[in-house]
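The residues making up each chain are set out below.
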Amino acid sequence: SLLRRSLPALPIVLNLPLDVHGRVVLFAAAAALVTAVAFGLAPARHALRPDVAPLLHGAAATPDRRRVRLRHALVVAQVALSLMLVVTAGTFTRSLREAAIADPGFRTSDVVLANVDIGVAGYRGASAVDLAQRYEARLSALPGVTVVATSRMVPLQGSRFGLGALHVPGYRGPDGDDRLDADWNVVTPTYFAAVDMPLVAGRAFTSGDREGAPHVAVVNAAFARAAWPGRPAVGQTIRHDDDGRDVALTVVGVVADAKYRYFTDAPAPFIFVPLAQHPQGDLTFFVRHAPGRSPAGSLRAAMAQVEPTVPTMFVQSFEEAVAIGL
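Keep in mind the model is a prediction, meaning the values are calculated, not measured.

### Considering the pattern of salt bridges
Here comes step 1: Here the structure, examined in full by the defined rule, presents eight salt bridges.
Here comes step 2: Notably, a salt bridge pairs Asp-181 with Arg-179, separated by 3.3 Å at the nearest N-O pair.
Here comes step 3: For Asp-181, a relative accessible area of 56% puts it in the exposed group.
Here comes step 4: The shortest N-O distance in the salt bridge between Arg-239 and Asp-246 comes to 2.5 Å.
Here comes step 5: With relative accessibility at 29%, the residue Arg-239 sits in the partly exposed group.

This is the structure in C-alpha coordinates:
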(Lines give C-alpha, C1' and ligand atoms only; values in the text may rest on other atoms or scores of the structure.)
Protein backbone atom coordinates (compact mmCIF):
# COMPACT_ATOMS: atom_id res chain seq x y z
CA SER A 1 0.00 0.00 0.00
CA LEU A 2 2.85 2.40 0.77
CA LEU A 3 4.49 1.73 -2.61
CA ARG A 4 1.21 2.27 -4.44
CA ARG A 5 0.59 5.58 -2.67
CA SER A 6 4.07 6.81 -3.60
CA LEU A 7 3.48 6.38 -7.34
CA PRO A 8 2.83 9.60 -9.28
CA ALA A 9 -0.24 9.97 -11.46
CA LEU A 10 0.45 8.32 -14.81
CA PRO A 11 -1.14 9.00 -18.21
CA ILE A 12 -1.25 5.22 -18.77
CA VAL A 13 -2.54 2.31 -16.73
CA LEU A 14 0.35 0.73 -14.82
CA ASN A 15 -0.24 -2.92 -13.92
CA LEU A 16 1.94 -3.31 -10.86
CA PRO A 17 0.75 -6.33 -8.84
CA LEU A 18 2.30 -6.13 -5.37
CA ASP A 19 0.20 -8.81 -3.65
CA VAL A 20 1.93 -11.83 -2.14
CA HIS A 21 1.14 -15.04 -4.04
CA GLY A 22 1.41 -18.63 -2.80
CA ARG A 23 3.80 -19.70 -5.56
CA VAL A 24 6.14 -16.83 -4.72
CA VAL A 25 6.15 -17.79 -1.04
CA LEU A 26 6.85 -21.45 -1.90
CA PHE A 27 9.68 -20.48 -4.23
CA ALA A 28 11.24 -18.18 -1.61
CA ALA A 29 10.97 -20.91 1.06
CA ALA A 30 12.51 -23.49 -1.28
CA ALA A 31 15.34 -21.14 -2.24
CA ALA A 32 16.06 -20.42 1.43
CA LEU A 33 16.07 -24.12 2.27
CA VAL A 34 18.38 -25.04 -0.61
CA THR A 35 20.71 -22.16 0.27
CA ALA A 36 20.87 -23.15 3.93
CA VAL A 37 21.58 -26.81 3.09
CA ALA A 38 24.14 -26.01 0.38
CA PHE A 39 26.15 -23.57 2.49
CA GLY A 40 25.80 -25.70 5.62
CA LEU A 41 27.19 -28.89 4.09
CA ALA A 42 30.85 -27.86 4.13
CA PRO A 43 31.06 -26.85 7.82
CA ALA A 44 28.85 -29.81 8.79
CA ARG A 45 31.18 -32.17 6.97
CA HIS A 46 34.18 -30.77 8.85
CA ALA A 47 32.33 -30.96 12.16
CA LEU A 48 31.43 -34.63 11.65
CA ARG A 49 35.02 -35.62 10.82
CA PRO A 50 37.18 -34.08 13.56
CA ASP A 51 40.80 -35.00 14.13
CA VAL A 52 40.51 -36.28 17.73
CA ALA A 53 44.16 -37.31 18.20
CA PRO A 54 45.43 -33.81 19.10
CA LEU A 55 42.47 -33.35 21.45
CA LEU A 56 43.35 -36.58 23.33
CA HIS A 57 46.86 -35.21 23.90
CA GLY A 58 45.46 -31.97 25.34
CA ALA A 59 46.14 -29.81 22.28
CA ALA A 60 43.79 -27.00 21.36
CA ALA A 61 41.74 -27.44 18.23
CA THR A 62 42.83 -25.17 15.38
CA PRO A 63 41.29 -24.98 11.92
CA ASP A 64 43.42 -26.11 8.98
CA ARG A 65 44.68 -23.65 6.42
CA ARG A 66 42.16 -24.62 3.78
CA ARG A 67 39.25 -23.86 6.10
CA VAL A 68 40.81 -20.53 7.11
CA ARG A 69 41.37 -19.53 3.50
CA LEU A 70 37.81 -20.47 2.56
CA ARG A 71 36.39 -18.58 5.52
CA HIS A 72 38.47 -15.49 4.75
CA ALA A 73 37.52 -15.65 1.09
CA LEU A 74 33.83 -15.77 1.98
CA VAL A 75 34.18 -12.85 4.40
CA VAL A 76 36.08 -10.78 1.84
CA ALA A 77 33.48 -11.52 -0.85
CA GLN A 78 30.61 -10.63 1.49
CA VAL A 79 32.20 -7.36 2.60
CA ALA A 80 33.08 -6.44 -1.00
CA LEU A 81 29.54 -7.07 -2.25
CA SER A 82 28.05 -5.22 0.71
CA LEU A 83 30.30 -2.20 0.10
CA MET A 84 29.41 -2.24 -3.60
CA LEU A 85 25.71 -2.18 -2.74
CA VAL A 86 26.16 0.62 -0.20
CA VAL A 87 28.22 2.76 -2.60
CA THR A 88 25.78 2.15 -5.47
CA ALA A 89 22.76 2.96 -3.31
CA GLY A 90 24.45 6.09 -1.97
CA THR A 91 25.40 7.29 -5.44
CA PHE A 92 21.90 6.61 -6.76
CA THR A 93 20.27 8.42 -3.84
CA ARG A 94 22.57 11.42 -4.27
CA SER A 95 21.92 11.56 -8.01
CA LEU A 96 18.18 11.30 -7.44
CA ARG A 97 18.29 14.11 -4.88
CA GLU A 98 20.36 16.35 -7.14
CA ALA A 99 17.98 15.70 -10.03
CA ALA A 100 14.97 16.47 -7.85
CA ILE A 101 16.35 19.86 -6.76
CA ALA A 102 17.94 20.77 -10.11
CA ASP A 103 16.49 23.70 -12.02
CA PRO A 104 14.99 22.26 -15.25
CA GLY A 105 14.87 25.69 -16.88
CA PHE A 106 11.12 26.12 -16.57
CA ARG A 107 8.51 26.29 -13.79
CA THR A 108 6.26 23.30 -13.23
CA SER A 109 4.14 24.55 -10.34
CA ASP A 110 0.56 25.74 -10.93
CA VAL A 111 0.34 24.19 -14.40
CA VAL A 112 -2.12 21.49 -15.50
CA LEU A 113 -1.62 19.42 -18.65
CA ALA A 114 -4.37 18.06 -20.90
CA ASN A 115 -3.61 15.90 -23.93
CA VAL A 116 -5.72 15.27 -27.04
CA ASP A 117 -5.09 13.55 -30.37
CA ILE A 118 -7.08 15.56 -32.87
CA GLY A 119 -5.46 13.74 -35.78
CA VAL A 120 -7.59 10.64 -35.20
CA ALA A 121 -10.69 12.82 -35.63
CA GLY A 122 -9.49 14.03 -39.02
CA TYR A 123 -8.13 17.44 -38.01
CA ARG A 124 -5.08 18.26 -40.08
CA GLY A 125 -3.39 21.33 -41.47
CA ALA A 126 -5.31 24.58 -41.03
CA SER A 127 -8.24 22.81 -39.33
CA ALA A 128 -5.90 21.44 -36.65
CA VAL A 129 -4.51 24.92 -35.98
CA ASP A 130 -8.02 26.39 -35.79
CA LEU A 131 -9.17 23.69 -33.32
CA ALA A 132 -6.11 24.24 -31.12
CA GLN A 133 -6.89 27.96 -31.00
CA ARG A 134 -10.51 27.25 -30.03
CA TYR A 135 -9.31 24.93 -27.26
CA GLU A 136 -6.98 27.63 -25.96
CA ALA A 137 -9.74 30.25 -26.01
CA ARG A 138 -12.16 27.99 -24.08
CA LEU A 139 -9.59 26.95 -21.48
CA SER A 140 -8.47 30.55 -21.00
CA ALA A 141 -12.01 31.39 -19.91
CA LEU A 142 -11.94 28.96 -16.96
CA PRO A 143 -11.82 30.56 -13.48
CA GLY A 144 -8.29 31.01 -12.16
CA VAL A 145 -6.55 30.37 -15.49
CA THR A 146 -3.89 32.95 -16.37
CA VAL A 147 -2.37 31.62 -19.61
CA VAL A 148 -2.89 28.62 -21.92
CA ALA A 149 -0.42 27.25 -24.46
CA THR A 150 -0.20 24.25 -26.79
CA SER A 151 2.81 22.01 -27.29
CA ARG A 152 3.63 18.88 -29.22
CA MET A 153 6.00 17.58 -26.52
CA VAL A 154 6.01 17.37 -22.73
CA PRO A 155 9.52 17.88 -21.28
CA LEU A 156 11.32 15.22 -19.26
CA GLN A 157 9.35 12.28 -20.59
CA GLY A 158 12.41 10.66 -22.19
CA SER A 159 11.07 11.08 -25.72
CA ARG A 160 12.25 13.18 -28.63
CA PHE A 161 10.60 14.70 -31.68
CA GLY A 162 11.88 15.94 -35.02
CA LEU A 163 10.59 17.42 -38.25
CA GLY A 164 13.59 16.80 -40.49
CA ALA A 165 17.24 17.63 -40.91
CA LEU A 166 18.57 21.08 -40.05
CA HIS A 167 21.36 22.74 -42.06
CA VAL A 168 23.13 25.87 -40.84
CA PRO A 169 25.02 27.81 -43.54
CA GLY A 170 28.66 28.22 -42.51
CA TYR A 171 28.49 25.56 -39.78
CA ARG A 172 30.79 22.54 -39.91
CA GLY A 173 29.77 19.58 -37.80
CA PRO A 174 31.68 16.41 -36.81
CA ASP A 175 30.98 14.88 -40.23
CA GLY A 176 32.32 17.93 -42.07
CA ASP A 177 28.91 19.08 -43.33
CA ASP A 178 26.54 21.86 -42.25
CA ARG A 179 24.00 19.58 -40.58
CA LEU A 180 23.23 20.30 -36.92
CA ASP A 181 21.32 17.69 -34.92
CA ALA A 182 18.69 19.06 -32.53
CA ASP A 183 15.46 18.01 -30.90
CA TRP A 184 12.28 19.88 -31.83
CA ASN A 185 9.09 21.12 -30.28
CA VAL A 186 6.05 22.70 -31.93
CA VAL A 187 4.35 25.31 -29.73
CA THR A 188 1.94 28.23 -29.75
CA PRO A 189 3.07 31.82 -29.00
CA THR A 190 2.16 31.65 -25.28
CA TYR A 191 4.20 28.51 -24.55
CA PHE A 192 7.26 30.26 -23.11
CA ALA A 193 5.08 32.33 -20.79
CA ALA A 194 3.06 29.27 -19.72
CA VAL A 195 6.15 27.32 -18.62
CA ASP A 196 8.06 30.44 -17.54
CA MET A 197 11.00 29.76 -19.89
CA PRO A 198 12.97 33.01 -20.15
CA LEU A 199 13.97 34.60 -23.44
CA VAL A 200 17.58 35.77 -23.56
CA ALA A 201 17.42 37.44 -26.98
CA GLY A 202 14.85 38.40 -29.59
CA ARG A 203 11.15 37.64 -29.25
CA ALA A 204 8.71 34.78 -28.81
CA PHE A 205 6.27 33.74 -31.51
CA THR A 206 3.29 35.95 -32.33
CA SER A 207 -0.07 35.45 -34.01
CA GLY A 208 1.53 36.74 -37.21
CA ASP A 209 3.81 33.70 -37.42
CA ARG A 210 1.36 31.61 -39.42
CA GLU A 211 1.13 29.81 -42.74
CA GLY A 212 1.88 32.19 -45.58
CA ALA A 213 4.24 34.29 -43.46
CA PRO A 214 8.03 33.75 -43.41
CA HIS A 215 8.88 30.63 -41.43
CA VAL A 216 10.48 31.39 -38.07
CA ALA A 217 12.11 29.54 -35.19
CA VAL A 218 13.23 30.06 -31.61
CA VAL A 219 16.40 28.22 -30.57
CA ASN A 220 17.96 27.61 -27.18
CA ALA A 221 21.27 29.05 -26.08
CA ALA A 222 23.12 25.77 -26.73
CA PHE A 223 21.94 25.82 -30.36
CA ALA A 224 23.08 29.42 -30.74
CA ARG A 225 26.51 28.67 -29.25
CA ALA A 226 27.04 25.67 -31.53
CA ALA A 227 25.78 27.26 -34.75
CA TRP A 228 26.99 30.86 -34.41
CA PRO A 229 29.72 31.08 -31.76
CA GLY A 230 30.45 34.67 -30.83
CA ARG A 231 27.71 36.00 -33.12
CA PRO A 232 24.06 37.01 -32.52
CA ALA A 233 21.65 34.20 -33.33
CA VAL A 234 18.62 36.43 -33.96
CA GLY A 235 18.22 37.02 -37.70
CA GLN A 236 20.25 33.97 -38.73
CA THR A 237 18.83 31.45 -41.19
CA ILE A 238 18.44 27.69 -40.77
CA ARG A 239 17.66 25.43 -43.72
CA HIS A 240 15.04 22.81 -42.96
CA ASP A 241 14.61 19.66 -45.05
CA ASP A 242 10.83 19.22 -44.86
CA ASP A 243 10.08 15.97 -46.73
CA GLY A 244 12.26 17.01 -49.64
CA ARG A 245 11.13 20.64 -49.53
CA ASP A 246 13.83 23.12 -48.57
CA VAL A 247 12.39 25.61 -46.05
CA ALA A 248 14.25 28.61 -44.64
CA LEU A 249 13.68 29.25 -40.94
CA THR A 250 14.61 32.69 -39.59
CA VAL A 251 15.66 32.73 -35.93
CA VAL A 252 13.56 35.35 -34.12
CA GLY A 253 14.44 34.48 -30.52
CA VAL A 254 16.76 32.61 -28.15
CA VAL A 255 15.60 30.99 -24.91
CA ALA A 256 17.72 29.87 -21.98
CA ASP A 257 18.92 26.26 -21.86
CA ALA A 258 16.59 23.80 -20.15
CA LYS A 259 16.14 20.09 -19.55
CA TYR A 260 14.14 18.53 -22.36
CA ARG A 261 14.42 14.72 -22.41
CA TYR A 262 16.01 13.71 -19.08
CA PHE A 263 17.04 15.35 -15.82
CA THR A 264 20.63 14.31 -16.50
CA ASP A 265 20.83 15.98 -19.91
CA ALA A 266 23.67 18.36 -20.58
CA PRO A 267 22.71 21.49 -22.55
CA ALA A 268 22.09 20.39 -26.14
CA PRO A 269 20.77 22.18 -29.25
CA PHE A 270 16.99 22.54 -29.31
CA ILE A 271 14.63 24.31 -31.70
CA PHE A 272 11.03 25.53 -31.34
CA VAL A 273 8.74 26.26 -34.29
CA PRO A 274 5.18 27.70 -34.26
CA LEU A 275 2.19 25.38 -34.47
CA ALA A 276 0.50 27.65 -37.02
CA GLN A 277 3.30 26.88 -39.50
CA HIS A 278 3.76 23.21 -38.55
CA PRO A 279 0.32 21.74 -37.66
CA GLN A 280 0.29 18.66 -35.42
CA GLY A 281 -2.36 16.17 -34.35
CA ASP A 282 -1.06 15.07 -30.94
CA LEU A 283 -1.32 18.15 -28.70
CA THR A 284 -0.84 18.89 -25.02
CA PHE A 285 -2.31 22.02 -23.49
CA PHE A 286 -0.36 23.75 -20.71
CA VAL A 287 -2.86 25.55 -18.48
CA ARG A 288 -1.24 27.89 -15.96
CA HIS A 289 -3.51 28.93 -13.12
CA ALA A 290 -3.45 31.02 -9.97
CA PRO A 291 -2.07 29.23 -6.88
CA GLY A 292 -4.69 27.04 -5.25
CA ARG A 293 -7.17 27.39 -8.15
CA SER A 294 -6.44 24.32 -10.27
CA PRO A 295 -9.00 23.84 -13.08
CA ALA A 296 -8.16 20.13 -13.47
CA GLY A 297 -11.66 19.03 -12.49
CA SER A 298 -13.33 21.06 -15.24
CA LEU A 299 -10.82 20.64 -18.08
CA ARG A 300 -12.39 17.55 -19.67
CA ALA A 301 -15.88 19.07 -19.71
CA ALA A 302 -14.58 22.34 -21.15
CA MET A 303 -12.65 20.57 -23.89
CA ALA A 304 -15.64 18.39 -24.72
CA GLN A 305 -17.66 21.56 -25.29
CA VAL A 306 -15.17 22.59 -27.98
CA GLU A 307 -15.13 19.25 -29.82
CA PRO A 308 -17.13 16.33 -28.38
CA THR A 309 -15.68 13.80 -30.85
CA VAL A 310 -12.11 14.22 -29.56
CA PRO A 311 -11.48 12.46 -26.21
CA THR A 312 -9.11 13.98 -23.68
CA MET A 313 -6.38 11.38 -23.26
CA PHE A 314 -5.08 12.49 -19.84
CA VAL A 315 -5.21 15.38 -17.38
CA GLN A 316 -2.43 15.79 -14.82
CA SER A 317 -0.35 18.48 -13.22
CA PHE A 318 2.97 19.47 -14.77
CA GLU A 319 4.65 18.48 -11.51
CA GLU A 320 3.21 14.96 -11.79
CA ALA A 321 4.44 14.68 -15.36
CA VAL A 322 7.94 15.68 -14.27
CA ALA A 323 7.77 13.20 -11.38
CA ILE A 324 7.21 10.43 -13.93
CA GLY A 325 10.49 11.33 -15.62
CA LEU A 326 12.23 11.52 -12.26
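### Section: the nonpolar core
Here comes step 1: The biggest cluster of nonpolar side chains holds 46 residues, and the ones touching the most others in it are Phe-223, Trp-228, Ile-238 and Ile-271.
Here comes step 2: Tallying contributions element by element places helix H5 (residues 126-140) first for this core, with five residues.
Here comes step 3: Counting 30 residues, the second largest nonpolar core, distinct from the first, contains Leu-113, Val-195, Val-252 and Ala-258.

### Observations regarding the environment of Asp-103
Here comes step 1: With respect to the helices and strands, the residue Asp-103 is situated in the loop between helix H4 (65-101) and strand S1 (111-117).
Here comes step 2: Along the backbone, Asp-103 and Val-216 are 113 residues apart, and their C-alpha atoms lie at a distance of 28 Å.
Here comes step 3: A polar atom in the side chain of Asp-103 sits 3.1 Å from the backbone nitrogen of Gly-105.

Criteria and cut-off values
- Residues numbered from 1 in each chain as written.
- Predicted model: local features only at pLDDT ≥ 70, side-chain atom pairs only at ≥ 80, totals over all residues.
- Heavy atoms only, no water.
- Salt bridge = Lys/Arg side-chain N within 4 Å of Asp/Glu carboxyl O.
- Buried < 20%, exposed > 50% of the residue type's maximum accessible area, 1.4 Å probe, protein only.
- Core = buried A, V, L, I, M, F, W, Y, C linked by side-chain atoms within 4.5 Å.
- Helix = DSSP H or I, 4+ residues; strand = E, 2+ residues; numbered from the N terminus.
- Polar contact = N/O pair within 3.5 Å; in protein donor to acceptor, adjacent residues only side chain to side chain.

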